[in-house]
Amino acid sequence: MKALIVYYSRSGHTAQAADALKRELDAKGVSVEVLRLHRQQEASFLGCAFEARRGAKPALVELPKDVSGYDLLFLGFPTWAGHASSPANSMVEGIQNVSGKKCVLFSMSGLKSGFVKALDDIDSSIKSLGGYVVAKQGFSESERALTAERAAGLVAKVLGHSGS
Ligand SMILES: Cc1cc2nc3c(=O)[nH]c(=O)nc-3n(C[C@H](O)[C@H](O)[C@H](O)COP(=O)(O)O)c2cc1C
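These numbers come from a predicted model, not from an experiment.

A. Structural view of the site of the ligand. In the region of the ligand, 20 residues are neighbours, and Ser9, His13, Thr14, Pro78 and Gly114 sit closest. Going through the elements one at a time, helix H1 (13-27), helix H2 (45-53), strand E3 (72-80) and strand E5 (102-109) are the ones with two or more residues in the shell around the ligand. A breakdown of the residues in the shell around the ligand according to their chemical character gives 8 nonpolar, 10 polar and 2 charged.

So this is what it looks like as structure tokens:
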């Protein structure tokens, strides 16, 4: 089984969740690659909030690569203003061959359960492209101590779903 974790992180917290997921996948013997995305131009806090609210798609430095060679695609992004962060929209739009792909979504928020709508936003986008969202998981800074446990639960669920 081959997995790709693609994520955007403005201040490093989504990166911590991605690291925890990678550790879990490694421990389960899954071959995993990680791609952290960066935007071409940074935006202010307020700029980010406005972008998220209007569903903007800012330019990224590198686009997610062709994902046809992976069995599982993990997509991670922070929550901004109650929505998916704008680079998540760019990420989804830029991914090729997502149709029929098993996708796992994770979002990092500041507040407990702040991530719910952000996950739903990207769930809808992936589905509209023909992708198959097998699981979604929120992480939050306010429940940082639960990150490893949540990552383990998510990986166990997803691998169970994949019949591994
Ligand atoms: C512009 C902006 C808006 C945010 N809005 C929310 C929000 O609505 N709800 C929430 O729980 N956290 C919100 N946060 C907090 C982030 O989701 C949180 O800090 C997250 O850990 C950031 O992930 P990162 O470090 O990977 O960039 C916001 C952060 C930014 C920068």
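B. Representation of the nonpolar core in the model. Counting 43 residues, the largest nonpolar core has Val6, Leu21, Leu73, Phe74, Leu75, Met91 and Ile122 as the members making the most contacts within it. Going through the elements one at a time, strand E1 (2-8), H1, H2, E3, helix H3 (86-94), E5, helix H4 (116-128) and helix H5 (147-161) are the ones with two or more residues in this core.

C. Representation of H2. Among the residues of H2, those classed as buried are Cys48, Glu51 and Ala52. Mapping the buried residues of H2 onto a view down its axis gives an arc of 95°, with all of them on the same face. Two residues or fewer past H2, Gly55 is found with a positive phi of approximately 70°.

D. Representation of the pairing of E5. The buried fraction of E5 amounts to 7 of the 8 residues, a majority that puts the element mostly inside the structure. Bridge count for E3 against E5 is 7 bridges, and the pairing is parallel. Of the residues in E5, the one forming a bridge with Pro78 is Met108.

About the cut-offs
Residues numbered from 1 in each chain as written. Predicted model: local features only at pLDDT ≥ 70, side-chain atom pairs only at ≥ 80, totals over all residues. Near = placed C-beta within 6 Å. Helix = DSSP H or I, 4+ residues; strand = E, 2+ residues; numbered from the N terminus. Nonpolar A, V, L, I, M, F, W, Y, C, P; charged D, E, K, R; others polar. Core = buried A, V, L, I, M, F, W, Y, C linked by C-beta atoms within 7 Å. Buried ≥ 20, exposed ≤ 12 C-beta atoms within 10 Å, placed from the backbone. Arc of directions from axis to C-beta. Pairing = 2+ DSSP bridges.

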